[in-house]
Amino acid sequence: LVEQLDACPHARQIAFSKMEVLDHEIGLGAIQKVRGEWRFKHSERLSGTLISFTWQIVDGFNSAQVMQDFLGSVARLEGASQVFACEGRACGQGVQWANRVFHEQVLYGREDLQRYRVYALQGAESFRLVAYSAERTEDRQYLQVGLLQLAK
């Protein structure tokens, strides 16, 4: 599934990680400050194997368009359903997504251009797919995708 982005000539992978996670928090709402702490308006905590990728979108292409094309393929998968979506300032502060959620400083971009999606993928195994696009400038556009294979 994610290989589609690796095969995209306008997406250059700049980060990859794979780890076992316990009670990993997936945001299902804007990130906001509540009583001095940054939290999601709504979230779910899941355990399993998390694979994360970060791509820089190059050649003058737009990260939002690359994300939309990729998620169009995801949406067509049998058993796929969108769980949450936000765009722009409705997602909360971009710096918090970059640093606190994804731990990828390069993702900090213009808040009005950020996009975030969560999909549930049900089949023989269950997954959550998280995608976030950020745009700093025309030549500094990024796409973050996390795929969490849920523990049985």
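Everything below is about the structure shown above.
Let me sum up the structure you'll find in this document.

Scoring rules and cut-offs
Residues numbered from 1 in each chain as written. Predicted model: local features only at pLDDT ≥ 70, side-chain atom pairs only at ≥ 80, totals over all residues. Heavy atoms only, no water. Helix = DSSP H or I, 4+ residues; strand = E, 2+ residues; numbered from the N terminus. Rg over C-alpha atoms; globule rule 2.2 N^0.38 Å. Contact = heavy atoms within 4.5 Å. Areas by Shrake-Rupley, 256 points an atom, 1.4 Å probe, with all protein chains shown as cover. Lys, Arg positive; Asp, Glu negative; His and termini not counted. Charge placed at Lys NZ, Arg CZ, Asp CG, Glu CD. Buried < 20%, exposed > 50% of the residue type's maximum accessible area, 1.4 Å probe, protein only. Pairing = 2+ DSSP bridges. Disulfide = S-S within 2.5 Å.

Our next topic: the overall build of the protein. Scanning the protein for helices and strands turns up three helices and eight strands. When its helices and strands are written in sequence order, the protein yields α-β-β-β-β-α-β-α-β-β-β. For 152 residues, the compact-globule formula gives about 15 Å, and the C-alpha radius of gyration of the protein, at 15 Å, lands near that figure. Each principal axis of the C-alpha atoms in the protein carries an extent, and together these give about 40 × 40 × 25 Å. Look at the contacts in the protein between residues 6 or more apart in sequence, and 67% of them connect residues 24 or more apart. In the structure as shown, the protein presents an accessible area of about 8100 Å², 47% of it carried by carbon and sulfur atoms. Distance between charge centres in the protein, computed from 17 positive and 18 negative side chains, equals 7 Å.

Of all seven residues in strand E6 (residues 115–121), six are buried; the element is thus mostly enclosed. Summarising the sheet, strand E5 (residues 80–87) and E6 pair through seven bridges and their orientation is antiparallel. From the neighbouring strand, Gln-82 faces E6, where its bridge partner is Tyr-119. Pairing analysis gives seven bridges linking E6 to strand E7 (residues 127–137), with the strands arranged antiparallel.

Let us look at the state of the cysteines. In a disulfide, the sulfur atoms of two cysteines are covalently bonded to one another. In this structure the tally under the stated criterion is one disulfide. The disulfide partner of Cys-86 is Cys-91, and the S-S distance across this bridge is 2.1 Å. Taking the sign of the torsion about the S-S bond as the criterion, the disulfide between Cys-86 and Cys-91, at about 120°, is right-handed. The buried category is assigned to Cys-86, whose relative accessible area is 7%. Cys-91 gets classed as buried once you look at its relative accessible area, which sits at 0%.

Within strand E8 (residues 140–150), nine of the eleven residues are buried, which leaves the element mostly enclosed by the surrounding structure. For strand E4 (residues 43–57) and E8, the ladder comprises ten bridges, and the chain directions are antiparallel. From the neighbouring strand, Gln-56 faces E8, where its bridge partner is Tyr-142. Pairing between E7 and E8: ten bridges, direction antiparallel.

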